[in-house]
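Examination of the molecular architecture
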Amino acid sequence: MTDPLILIILVPFAATIVAPAVARRLGAHTGWVLALAPAIVFAYVSRLLPIEPGTAHTVAVPWVGSLGIEFAFLADGLSVTFLLLISGIGALVMIYASSYLGRDPRLGRFYVFLLAFMGAMLGLVLADNLITLFVFWELTSVCSYLLIGFDHEKAEARAAALKALLVTGLGGLLLLAGFLLMGIAGEQLGLSAIAAGKISGLAAVDLREHAYYHAIFILVLLGCITKSAQVPFHFWLPAAMAGPTPVSAYLHSATMVKAGIYLLARLSPHLGGTPEWGWTVGLIGLVTMLTGSLATLGQRDMKRVLAYSTLAVLGTLVMLLGVGTEMAVKTAVVYLVAHAMYKAALFMVAGNVDHETGTRELHRLGGLRKLMPWTALAGILAALSKAGAPPMFGFIGKEMLYTTKLTVENVGAWAVVASVVANVALVASALMVSVWPFLGKRGDTPKKPHEAPLAMVLGAVLLSLMGLGRGLMPQPFETNLGSAAASAILGRPVEMHLALWHGVDPTALAVLGLSLLTLTLGGGLYFLIRRRVAPVGPLLRRLFSVGPTQLYDLTLQGIYSGADRVTRFIQSGRLRFYVMVTMLVTVIVAGPPLVRAFMGGPAAANGGWRIHEIIVAALALTAALAATALRSRLATLALVGVVGTCMGLLFVFFSAPDLALTQVMIEVLSVVILVMVLHRLPLVIKRSGRLSRGRDAVVAAAVGITMTLFVLTVARVDRDPTVSDFYLEQSVPAAHGRNVVNVILVDFRAMDTLGEITVLGAAGLGVLALLRLRRKERS
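Values in this document were obtained by computation on a predicted structure and should not be read as measured data. (Residues numbered from 1 in each chain as written. Predicted model: local features only at pLDDT ≥ 70, side-chain atom pairs only at ≥ 80, totals over all residues. Heavy atoms only, no water.)

**Regarding the overall build of the chain**
A tally of regular secondary structure across the chain gives 32 helices and two strands. Overall, the chain is about 110 × 70 × 50 Å in size when its C-alpha atoms are taken along their principal axes. For the chain, the residues scored as buried account for 48% of the 779 residues in total. Sequence separation of 24 or more characterises 79% of the internal contacts of the chain that already satisfy a separation of 6 or more. Accessible surface, the chain: about 37,200 Å² in total, of which carbon and sulfur atoms supply 69%. Positive and negative side-chain charges in the chain, numbering 60 and 40 respectively, have mean positions lying 15 Å apart. (Helix = DSSP H or I, 4+ residues; strand = E, 2+ residues; numbered from the N terminus. Buried < 20%, exposed > 50% of the residue type's maximum accessible area, 1.4 Å probe, protein only. Contact = heavy atoms within 4.5 Å. Areas by Shrake-Rupley, 256 points an atom, 1.4 Å probe, with all protein chains shown as cover. Lys, Arg positive; Asp, Glu negative; His and termini not counted. Charge placed at Lys NZ, Arg CZ, Asp CG, Glu CD.)

**Concerning the confidence of the model for the chain**
Averaged over the chain, the pLDDT score is 87; the fraction of residues at 70 or greater is 94%. Contacts for the low-pLDDT stretch residues 197-202, under 50 throughout, to residues beyond four places or in other chains number 10 contacts. (pLDDT = per-residue confidence, 0-100.)

**Details of the packing of helix H6 (residues 130-148) against helix H7 (residues 155-186)**
Packed helix pairs are specified by the crossing angle of their axes together with the interaxial distance, meaning the distance between the axes. Two numbers describe how H6 lies on H7: the axes approach to 8 Å, and their chain directions differ by 175°. The orientation of H6 relative to H7 falls into the category roughly antiparallel. Taken together, the residues of the contact of H6 with H7 sort by class into 18 nonpolar, four polar and one charged. (Axes fitted to C-alpha atoms, helices over the stretch in contact; angles between N-to-C directions. Parallel < 35°, antiparallel > 145°, perpendicular 65-115°, else oblique. Nonpolar A, V, L, I, M, F, W, Y, C, P; charged D, E, K, R; others polar.)

**Examining the side chain of Asp 301**
Positionally, Asp 301 belongs in the loop between helix H13 (275-296) and helix H14 (302-323). Judged by its relative accessible area of 12%, Asp 301 falls in the buried class. Within polar-contact distance, the side chain of Asp 301 engages the side chain of Arg 360 at 3.1 Å. In this view, Asp 301 contacts Arg 360 and Glu 361; residues no more than four positions away in its chain are not counted. (Polar contact = N/O pair within 3.5 Å; in protein donor to acceptor, adjacent residues only side chain to side chain.)

**A closer look at unusual backbone geometry**
The omega angle of the peptide bond from Leu 49 to Pro 50 is -10°, so this bond is cis rather than trans. Tracing the chain through its elements places Pro 50 in the loop between helix H3 (36-47) and strand E1 (57-64). A cis geometry characterises the amide bond from Val 231 onward to Pro 232, with omega recorded as 10°. With respect to the secondary-structure elements, Pro 232 resides in the loop between helix H9 (213-227) and helix H10 (236-239). One non-glycine residue, Glu 187, lies in positive phi territory at about 65°. Its location among the elements puts Glu 187 in the loop between H7 and helix H8 (191-196). For Glu 187, a relative accessible area of 47% gives the class partly exposed. At Ala 229, a position not held by glycine, the phi torsion is positive, near 55°. With respect to the helices and strands, the residue Ala 229 is situated in the loop between H9 and H10.

**Comments concerning a nonpolar patch on the surface**
Nonpolar side chains collect at one region of the surface, where Leu 26, Trp 32, Val 33, Leu 36, Ile 40 and Leu 454 lie side by side and expose about 560 Å² of accessible area between them. Elements with a contribution of two residues or more to the nonpolar patch: helix H2 (30-34) and H3. (Patch = residues over 30% accessible without salt bridge, like charges linked within 9 Å, V, L, I, M, F, W, Y side chains within 5 Å. Salt bridge = Lys/Arg side-chain N within 4 Å of Asp/Glu carboxyl O.)

**With respect to the pattern of salt bridges**
Evaluated as defined, the whole model comprises 12 salt bridges. Between Arg 106 and Glu 153 there is a salt bridge, with its nearest N and O atoms 3.5 Å apart. Placement of Arg 106 in the loop between helix H4 (77-101) and helix H5 (107-126) and of Glu 153 in the loop between H6 and H7 is noted, with a sequence separation of 47 residues between them. For Arg 695, the salt bridge identified is with Asp 696, shortest N-O distance 3.3 Å. When salt bridges with common partners are traced through the structure, they connect Asp 104, Arg 106, Asp 151 and Glu 153 into a single cluster.

**Some thoughts on the pairing of strand E2 (residues 69-75)**
Judged by how many residues are buried, E2 sits mostly within the fold: five of seven residues are covered. Summarising the sheet, E1 and E2 pair through seven bridges and their orientation is antiparallel. Within the sheet, the bridge partner assigned to Pro 62 lies in E2 and is Glu 70. In this antiparallel pair of consecutive strands, E1 and E2, the connection spans four residues, and Gly 68 shows a positive phi of 75°. (Pairing = 2+ DSSP bridges.)

**Regarding the environment of Ala 563**
Residue position: Ala 563 is located in helix H24 (residues 548-570). Taking the C-alpha atoms as reference, Ala 563 lies 40 Å from Leu 634; in sequence the two are 71 residues apart.

**A few points about the packing of aromatic side chains**
Applying the stated rule across the entire model yields 15 aromatic pairs. When the centroid spacing of 5.9 Å and the interplanar angle of 40° are considered together, the rings of Phe 217 and Trp 277 count as tilted. With a gap of 60 residues between them, Phe 217 in helix H9 and Trp 277 in helix H13 connect regions that are remote in the sequence. Among the residues examined, Trp 277 registers a relative accessible area of 3% and is labelled buried. Joined through ring pairs, the aromatic side chains of Phe 110, Tyr 111 and Phe 150 make up one cluster. (Phe/Tyr/Trp six-rings, centres within 6.5 Å; stacked < 30°, edge-to-face > 60°.)

**Thoughts on the environment of Tyr 111**
Mapped onto the elements of the fold, Tyr 111 is located in helix H5. Judged by its relative accessible area of 0%, Tyr 111 falls in the buried class. For the pair Tyr 111 and Val 18, spaced 93 residues apart in the sequence, the C-alpha separation amounts to 9.8 Å. Beyond its immediate sequence surroundings of up to four residues, Tyr 111 is in contact with Ala 19, Thr 30, Gly 31, Leu 34, Met 94, Ala 97 and Ser 98. A polar side-chain atom of Tyr 111 sits 2.6 Å from the main-chain carbonyl oxygen of Met 94.

**Remarks on the packing of H9 against H13**
Remark: H9 packs on H13, axes separated minimally by 12 Å, with the N-to-C direction vectors making an angle of 20°. For the element pair H9 / H13, the angle class is roughly parallel. Relative to H13, the crossing made by H9 is right-handed. Here H9 contributes Tyr 213, His 214, Phe 217, Leu 221 and Ile 225 to the contact with H13, which in turn contributes Glu 276, Trp 277, Thr 280, Val 281 and Ile 284. The residue makeup of the contact of H9 with H13, split by class, is seven nonpolar, two polar and one charged. (Left-handed = near helix turned anticlockwise from the far one by under 90°.)

**What about H5?**
In this model H5 runs 29 Å from its N-terminal to its C-terminal C-alpha over 20 residues, within 8% of the 28 Å that 1.5 Å per residue would give. With respect to burial, H5 is a largely interior element, 18 of its 20 residues being buried. (Expected span 1.5 Å × (residues − 1).)

**What to know about helix H25 (residues 575-600)**
When the terminal C-alpha atoms of H25 are compared, their 37 Å separation across 26 residues agrees well with the 38 Å that a helix rising 1.5 Å per residue should span. Ala 590 marks where H25 bends most, by close to 40°; the proline Pro 592 follows one to four residues later. Taken residue by residue, H25 has Phe 577, Met 580, Val 587, Gly 591 and Leu 594 as its buried positions. On the buried face of H25, the contacting elements are H24 and helix H29 (690-716). (Bend = angle between axes of the 7 residues up to and from the residue.)

**Topic: the environment of Glu 451**
Within the fold, Glu 451 resides in the loop between helix H19 (435-438) and helix H20 (454-472). It is 77 Å that separates the C-alpha atoms of Glu 451 and Phe 726, two residues lying 275 residues apart in sequence. Ignoring anything within four residues of it in the chain, the contact list for Glu 451 reads Glu 356, Leu 371, Met 372, Pro 373, Trp 374, Thr 375 and Val 457. Engagement of the side chain of Glu 451 in a polar contact is seen with the side chain of Thr 375, the distance being 2.7 Å.

Next comes the structure, spelled out in structure tokens:
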């Protein structure tokens, strides 16, 4: 019986099969039906709660056993946290998308992409084998490319999708290299197995003590920070806002951008705890946190404000994982869940505003509270959690962040100041996407505003209310899931204690003071931005429009330009040039190894030359040399036929009549076809210049020598007689044929022969199509 862990991965993929038919039948109500797939996953995973810290459920199905590759999956506190976010928010986004996209004829295709992405994310967070994890990792990149570029008619969407694919794809290749080194260092590919030493006779492997540690760390880190949009690879995330809002609400709140965070957390017990990990990961997160938070202040598009604030939170999570203490890890878990809930809600709110007013530009919005009351409620509650205001769940996360900075050793005052600066900017950005569009005077919107449909309001309201509920009653989260998630990251059981009020001890009062200071300064900064007293917008837009984005554009332009120049050089349109380049590359690559093998190997066995063999070989050589000197095309063709016939005779002399027959048939057919072609060309060949002929002679000689060395080297190889004995013994009983060569071709190597036949058939069809096209042009 299939394990439930495997089934929950298969559920979204199975739903992709029926999604197009459901979309054609139900139209705008499609999401309510297809949301059952993630809802089933959510319901099953919820049954696993509460999860005891330090416990895990594993299952493995062999895939490529000889290489240690398995479909291995592990469910612990960390993976279950992500499972609930992926499936829960996924179900709400499925409902949201059907109403947002309405009667779009591409709705079925959209749901196929979204469900496939959901399945890939579920597989990624459950994978316990490095290769299995990588497969799902890359599948998320491919699906995100299709989702971001869903409106592919728009150049902006195509460019954004390509940008995301290239950046995350490059990171994926580096990640694969790191995984392979991890497999070599750990002598296995299972994540939990590397730590536990489950190969017989091996102790648990500490990768941090291995010679490959630094290479593994750098490669894995690059894969993670490209996926989670850390500086300097952050530029693809704001550009991805060109995708539909349901894509932003799902990919950029709880799923794709959190994949790198998940992997850093998952590998923290294996690679963390070193100075290299702490300083590098922590510094990258800190820079990203400041970059994202300050960049939000320069944006006036609601989705771009949310995109840059997402960068800030992702940087905060990476920074906390770099710090790596118990308090920092607990904070990261709370921050991750709080951000997923309020950011998905805010993206849906931005989509509602855009859908019902025709714009997301803040300077055109205002006074929508009475016209869109439910959307306003969801937006304000989610923004309060984003700002870290009590009693929201985000407030608990911010309190824990300040506690971490104040209590961790070796963290200076500069880190506390950086966190305050970032959070002040995030408070201002939270007010920009909540107070600005919904309060104040009515804006000048392209459409007459009204409340969004139920399907578009439901998800935002539920998620924002969950943020409020988790803030008021955090204990169920800490006991059912939070402690287990933190334990999985730390690699040891720990307990989490969450509360809105931590008493009157000095640390708690200092943290509360920082929180109130953050809210006050953030509110003041928003007032200055709204009143245009502080002209930070244009300045910050100019500041963050340079750097990595320009470098990416220049690099891509350089690749295109270089490819164009190389193509113009290589694809000259002259067949003679193509053949010469191919032959020269073959000589350069294969020539030196063949020379070394021939000079250093034993002499080949030689049974002596017989007179008739010498005569036929000399005739073939003479015909070949004469063919290069003649100017008549037909005479040259005849001499080439002589060379082929001589080769057929040599096959006969060496007891291979079947090969000889095949050779003669090919020669006859080739000569007949070429004569039919050549009779339409001038009978006399126009000679090349002397320099060109000399060059061709050198290339031809080099190729001839290389092939001769190849044949002689192969003749020296000691072949295993068991292979030929097997074919001789099995030819009649297994294949019912006495001609061993034919049996090998049509039975033992049937698929290889079928492939060759397919190639020839495709070439023949191509020739037939060209001939018919020429006949139509004549008529």
